[in-house]
Amino acid sequence: MDLLPAIDIRGGRCVRLLQGDFGQETRYPDDPVELAQRYADLGADWLHVVDLDGAAQGAPENLEVIRKMASAANLKIQLGGGIRSRDDLNRVLDAVDRAVIGSLAVEAREQVTSWLEELGPDRLTLALDVRVNEDDIPIIATHGWTRDSAETLWNALEAYSATALRHVLCTDVERDGALQGPNLRLYSTCGHRFPAISFQASGGVRDSRDLSDLAATSVAYAISGKALLEGRITEEEIRSFLPNG
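Let me sum up the structure you'll find in this document.

Criteria and thresholds
- Position numbers for residues start from 1 in each chain and track the written sequence from start to end.
- A pLDDT threshold of at least 70 governs which residues receive local features in this predicted model, and a stricter bar of 80 or more applies before side-chain atom pairs are shown or counted, although totals over entire chains, interfaces and linings include all residues.
- Remark: hydrogens and water are excluded; side-chain values derive from all non-hydrogen atoms of the structure.
- Between Lys or Arg on one side and Asp or Glu on the other, a salt bridge is scored when a side-chain nitrogen of the former is within 4 Å of a carboxyl oxygen of the latter.
- Secondary structure elements follow DSSP: runs of H or I no shorter than four residues count as helices, runs of E no shorter than two count as strands, and numbering proceeds from the N terminus.
- Throughout, exposure labels follow a simple rule: accessible area from a 1.4 Å probe, protein chains only, divided by the maximum for the residue type, with under 20% read as buried, over 50% as exposed, and the rest as partly exposed.
- When we speak of the arc, we mean the arc of directions from the helix axis to the C-beta atoms.
- Any two residues whose heavy atoms approach within 4.5 Å at even a single point are treated as in contact.
- Should DSSP find at least two bridges between two strands, the strands are regarded as paired.
- Note on handedness: a crossover is taken as right-handed if, strands pointing away from the viewer, the path from the first strand over the helix to the second is clockwise.
- Each Phe, Tyr or Trp ring (for Trp, its six-membered ring) is paired with any other whose centre lies within 6.5 Å, and the angle between the two planes then decides the class: stacked below 30 degrees, edge-to-face above 60, tilted in between.
- When the NZ atom of lysine or the CZ atom of arginine is within 6 Å of a ring's centre and also within 35 degrees of its normal, the charge is said to sit over that ring.
- To form a nonpolar core, buried Ala, Val, Leu, Ile, Met, Phe, Trp, Tyr and Cys residues must be joined to one another through side-chain atoms within 4.5 Å.
- Whenever a helix is involved, its axis is fitted only over the stretch in contact; in every case the axis is a line through C-alpha atoms, and angles between N-to-C directions fall within 0 to 180 degrees.
- For any helix crossing, the convention is left-handed if the near helix is rotated counterclockwise from the far helix by under a right angle, and right-handed if that rotation is clockwise.
- Think of it as three bins: nonpolar holds Ala, Val, Leu, Ile, Met, Phe, Trp, Tyr, Cys and Pro, charged holds Asp, Glu, Lys and Arg, and polar takes everything else, Gly as well.

Across all of its chains, the model carries 11 salt bridges by this definition. Arg 38 is the partner of Glu 235 in a salt bridge, and the nearest nitrogen-oxygen pair spans 3.7 Å. Here the residue Glu 235 occupies a position in helix 11 (residues 235–240), and Arg 38 occupies one in helix 1 (residues 32–42), the gap between them amounting to 197 residues. When its relative accessible area of 41% is taken as the criterion, Glu 235 is described as partly exposed.

This part is about unusual backbone geometry. The backbone of Asn 74 shows a phi angle near 55°, a positive value even though the residue is not glycine. In this fold, Asn 74 is placed in the loop between helix 3 (63–73) and strand 5 (76–80). Residue classification places Asn 74 among the exposed positions, given a relative accessible area of 70%. Notably, Ser 218 is not glycine yet its phi reads approximately 75°, a positive angle. Counting through the fold element by element, Ser 218 comes out in the loop between helix 9 (208–215) and strand 13 (221–224).

With that settled, the discussion passes to helix 8 (residues 184–193). Where helix 8 is concerned, the buried positions are Leu 186, Tyr 187 and Cys 190. Here the buried residues of helix 8 occupy an arc of 90° about the axis, which is enough to place them on one side. Along helix 8, the residues that are exposed and aim more than 90 degrees away from the buried face are Arg 185 and His 192. Buried positions along helix 8 lie against strand 8 (129–132), strand 9 (138–142), helix 7 (153–159), strand 11 (167–171), strand 12 (198–202) and helix 9.

Looking along a regular strand, one sees the side chains alternate between the two faces of the sheet. Burial of strand 11 is extensive: 5 of the 5 residues sit out of reach of the surface. Alternating positions in strand 11 separate into two faces, His 167, Leu 169 and Thr 171 on one and Val 168 and Cys 170 on the other, with burial throughout. Bridge count between strand 7 (residues 124–127) and strand 11: 3 bridges; the pairing is parallel. Following the sheet pairing, Thr 125 is matched in strand 11 by His 167. The sheet contact formed by strand 11 and strand 12 spans 5 bridges and is parallel. In the strand pairing of strand 12, Thr 171 is matched with Ser 202. Taking the sense of rotation as the criterion, the β-α-β connection linking strand 11, helix 8 and strand 12 turns out right-handed.

So, on to the packing of aromatic side chains. Given two aromatic rings, their pairing is described by the distance between the two centres and the angle made by the two planes. Using the criterion set out here, one finds 1 aromatic pair in the structure. We note Arg 98 situated over the ring of Trp 46; from NZ or CZ to the ring centre the distance is 4.2 Å.

Formed by 70 residues in total, the largest nonpolar core has its most connected members in Met 69, Ile 101, Leu 128 and Leu 153. With sequence-adjacent residues up to four places away left out, Met 69 is seen in contact with Ile 7, Ile 9, Pro 32, Val 33, Ala 36, Leu 47, Val 49, Asn 74 and Ile 77. Core analysis: the second largest hydrophobic core is formed by 6 residues, Leu 4, Ala 6, Trp 46 and Ile 223 among them.

At a closest axis distance of 12 Å, the pairing of helix 4 (residues 86–95) and helix 6 (residues 109–119) adopts a crossing angle of 35°. Of the two elements, helix 4 crosses helix 6, and the hand of that crossing is right-handed. Between helix 4 and helix 6, the residues in contact are Arg 86, Leu 89 and Leu 93 and Trp 115, Glu 118 and Leu 119, respectively. Residues of the contact of helix 4 with helix 6, tallied by class, amount to 4 nonpolar, no polar and 2 charged.

Here is the structure:
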């Protein structure tokens, strides 16, 4: 398992939201380009970037600064936020290496399947984010986590079982930005049910022990933003989970 550092951008600045709520934003002084370079220097080869303005507006908004991040740090970037159409997808893939598809993965499955067939599995990551109900069933949340669908994570993944899908980012919404620890049971079940998929676990990482615990679930990547920005994981610990560290 590798650590996948996350950088969320709003208005050209690094921020973090609590559970996706734009009203609960924490701003950080770090310049996104300089932060990308720092992660590259520590040994990262990929970054997970979220264009929060794009998510709010329904179209990518911060591509200029994101291009600068990729160029300055010589990093591969997967980018999510605001991809609603093929034109949006083309713009994103012209700037970065991989696009993250969120709500469309559930609401426009045929369209997304055609993109997977045309572009290949390594150009797309599907973000299937969930709220776990009282019966321990992960229910897909869409539209910036403002709506719960009627579909479970397991049904959504089964619907793509005949496709070339390889990369799935799964966030436990209730743990996002909350520093409460990751949902290890969820990710263990993901790996057990769908061993051919490279899962990216997001939400709740507090420290290096959480990263070690996630590695034991067989996820491919652990995404962390807030814990890294707030220095909860030392540079030495970060390096140990990065491919070039």
